[in-house]
Amino acid sequence: MGPIARSLIAKANRNELDPCRVLLLSATLTTFQISQLRKIFEDCSPVRLVAANKFRPEPEIWVAQPCGPDERTKRLIEALKHLPRPLLVYVTRPDKANELKEELHNRGFLRSDVFSGKTVGEDRRVILTQLRGDNGSTELDIVIATSAFGLGVDFEELRCVIHACIPETVGRWYQEISRAGRDGYASTAMWLPAIGDMDEAMSLGVRYLTPPVAMKHWEAMRGSRVLRDGRYYIDL
């Protein structure tokens, strides 16, 4: 992105136009990342850091001892009878989300639906509309979600987040429980692990490319190069 920004600014200057400004936006930049961005973009224009950090009430966190999958489901059903709504129930895989939705409907929790990586664009819009009550009243109390819930989702009034799984990283867990209580009011987070969840979580961890696989990818990208206006473009 740095070279692209510099080329746009240079082109504007050559044509006596106002150069573009570059905004780097993130909620999770570390000190190291900020210093790296300064190095990359400092010759575009002076770099100014604008931070809007804000303290808000931490969620009340409840963690259960690991148990069998069937016992976990019983605990979840009991918890759903008492926890504040609207709420999220996180699971790891889309098929588990669909199974849990069927179980909840059989138990009388009819105002529930699934939001996963397999939920297509229009269905996502409908679920968020029903959850937020954009049409005048809410139609959903419970959303069973995978980590796909959160990408581009803006909803401040979630009261509770339940993890019926073990997230593959602490960072994912902390980010997801922070989706509750964004309006500044009290919120709750509950963690219901089951035996076998750890193996599933470890299978989703970060994996590194081996040299042969990395070389294969590199050769494929290199072979797709197109030279245009003095710059190579690569099909990623």
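Basis of the calculations
Residues numbered from 1 in each chain as written. Predicted model: local features only at pLDDT ≥ 70, side-chain atom pairs only at ≥ 80, totals over all residues. Heavy atoms only, no water. Helix = DSSP H or I, 4+ residues; strand = E, 2+ residues; numbered from the N terminus. Expected span 1.5 Å × (residues − 1). Contact = heavy atoms within 4.5 Å. Phe/Tyr/Trp six-rings, centres within 6.5 Å; stacked < 30°, edge-to-face > 60°. Buried < 20%, exposed > 50% of the residue type's maximum accessible area, 1.4 Å probe, protein only. Lys NZ or Arg CZ within 6 Å of the ring centre and 35° of its normal. Salt bridge = Lys/Arg side-chain N within 4 Å of Asp/Glu carboxyl O. Pairing = 2+ DSSP bridges. Axes fitted to C-alpha atoms, helices over the stretch in contact; angles between N-to-C directions. Patch = residues over 30% accessible without salt bridge, like charges linked within 9 Å, V, L, I, M, F, W, Y side chains within 5 Å. Areas by Shrake-Rupley, 256 points an atom, 1.4 Å probe, with all protein chains shown as cover. Core = buried A, V, L, I, M, F, W, Y, C linked by side-chain atoms within 4.5 Å. Disulfide = S-S within 2.5 Å.

## Digging into helix α4 (residues 94–106)
Here is step 1 of the chain: The terminal C-alpha atoms of α4 lie 19 Å apart, and with 13 residues this matches the ideal 18 Å at 1.5 Å per residue to within 8%.
Here is step 2 of the chain: Summarising the contacts, the buried residues of α4 are in contact with α3 (69–80), β2 (87–90), β3 (112–115) and β4 (142–145).
Here is step 3 of the chain: At the exit of α4 stands Gly108, carrying a positive phi of roughly 100°.

## Here's the deal with the packing of aromatic side chains
Any pair of aromatic rings gets described here by the distance separating the centres and the angle formed by the planes.
Here is step 1 of the chain: On inspection of all chains with the given rule, the structure shows 2 aromatic pairs.
Here is step 2 of the chain: Here Phe115 and Phe149 contribute two aromatic rings whose centre-to-centre distance is 5.0 Å and whose plane-to-plane angle is 80°, an arrangement assigned as edge-to-face. Here Phe115 is found in strand β3, whereas its partner Phe149 is found in the loop between β4 and β5 (160–163), with 34 residues between them in sequence. You'll find Phe115 and Phe149 in the same group, each marked buried.
Here is step 3 of the chain: The residue whose ring lies beneath Arg225 is Tyr232, and the NZ or CZ to ring-centre distance is 4.7 Å.

## Some thoughts on the side chain of Ser112
Here is step 1 of the chain: Take Ser112: it is sitting in strand β3.
Here is step 2 of the chain: Every residue in contact with Ser112, bar those within four places of it in the chain, is listed here: Lys101, Leu104, His105, Leu140 and Ile142.

## As for the pattern of salt bridges
Here is step 1 of the chain: The tally for this structure, following the rule as stated, stands at 15 salt bridges.
Here is step 2 of the chain: A salt bridge links Arg72 to Asp197, with the nearest nitrogen and oxygen atoms 2.9 Å apart. You can see Arg72 sitting in helix α3 and its partner Asp197 sitting in helix α7 (residues 197–203), a full 125 residues away along the chain.
Here is step 3 of the chain: Exposure remark for Arg72: the relative accessible area of 10% places this residue in the buried category.
Here is step 4 of the chain: Looking at Asp197, the relative accessible area reads 4%, which means it is buried.
Here is step 5 of the chain: A salt bridge links Glu122 to Arg125, with the shortest nitrogen-to-oxygen separation between them at 2.7 Å.

## Topic: the sheet that holds β5
Here is step 1 of the chain: On the basis of which strands lie adjacent, the open sheet formed by 6 strands has the order β1-β6-β5-β2-β4-β3 and parallel pairing. In this open sheet, the two edge strands, each paired with only one partner strand, are β1 (60–63) and β3. Strand after strand, the sheet turns through a mean of 20° between neighbouring axes, direction not considered.
Here is step 2 of the chain: In terms of strand pairing, β1 meets strand β6 (residues 188–191) through 4 bridges, oriented parallel.

## Focus on a nonpolar patch on the surface
Here is step 1 of the chain: Taken together, the side chains of Met1, Ile4 and Leu8 present a nonpolar region at the surface, about 340 Å² in accessible area.
Here is step 2 of the chain: Turning to its location among the elements, Leu8 is positioned in helix α1 (residues 2–14).
Here is step 3 of the chain: With relative accessibility at 48%, the residue Leu8 sits in the partly exposed group.

## Side note on the nonpolar core
Here is step 1 of the chain: Core analysis: the largest hydrophobic core is formed by 21 residues, its most contacted members being Leu80, Leu87, Val89, Leu104, Ile142, Ile144 and Ile162.
Here is step 2 of the chain: Sorting the residues of this core by element identifies α3, β2, α4, β4 and β5 as the ones contributing at least two each.
Here is step 3 of the chain: If you tally residues by element for this core, the top one is α3, at 4 residues.
Here is step 4 of the chain: The contacts of Leu104, once residues within four sequence positions are left out, are Ile77, Leu80, Phe109, Ser112, Ile142 and Ile144.
Here is step 5 of the chain: Counting 18 residues, the second-largest nonpolar core is a separate cluster that includes Ile127, Ala145, Ile177 and Ala180.

## A few points about the state of the cysteines
Here is step 1 of the chain: This model, assessed by the stated rule, comprises 0 disulfides.
Here is step 2 of the chain: Note on Cys44: no disulfide assigned, nearest cysteine sulfur contributed by Cys20 at a separation of 7.7 Å.
Here is step 3 of the chain: Judged by relative accessible area, which is 13%, Cys44 ranks as buried.

## Description of the environment of Leu25
Here is step 1 of the chain: Considering the arrangement of structural elements, one finds Leu25 in the loop between α1 and α2 (31–41).
Here is step 2 of the chain: A residue is classified by how much of its surface remains accessible, and Leu25, at 75% relative accessible area, is exposed.
Here is step 3 of the chain: Separated by 26 residues in the primary sequence, Leu25 and Ala51 have C-alpha atoms spaced 10.0 Å apart.

Bear in mind that shape data such as this cannot, by itself, settle questions of function.
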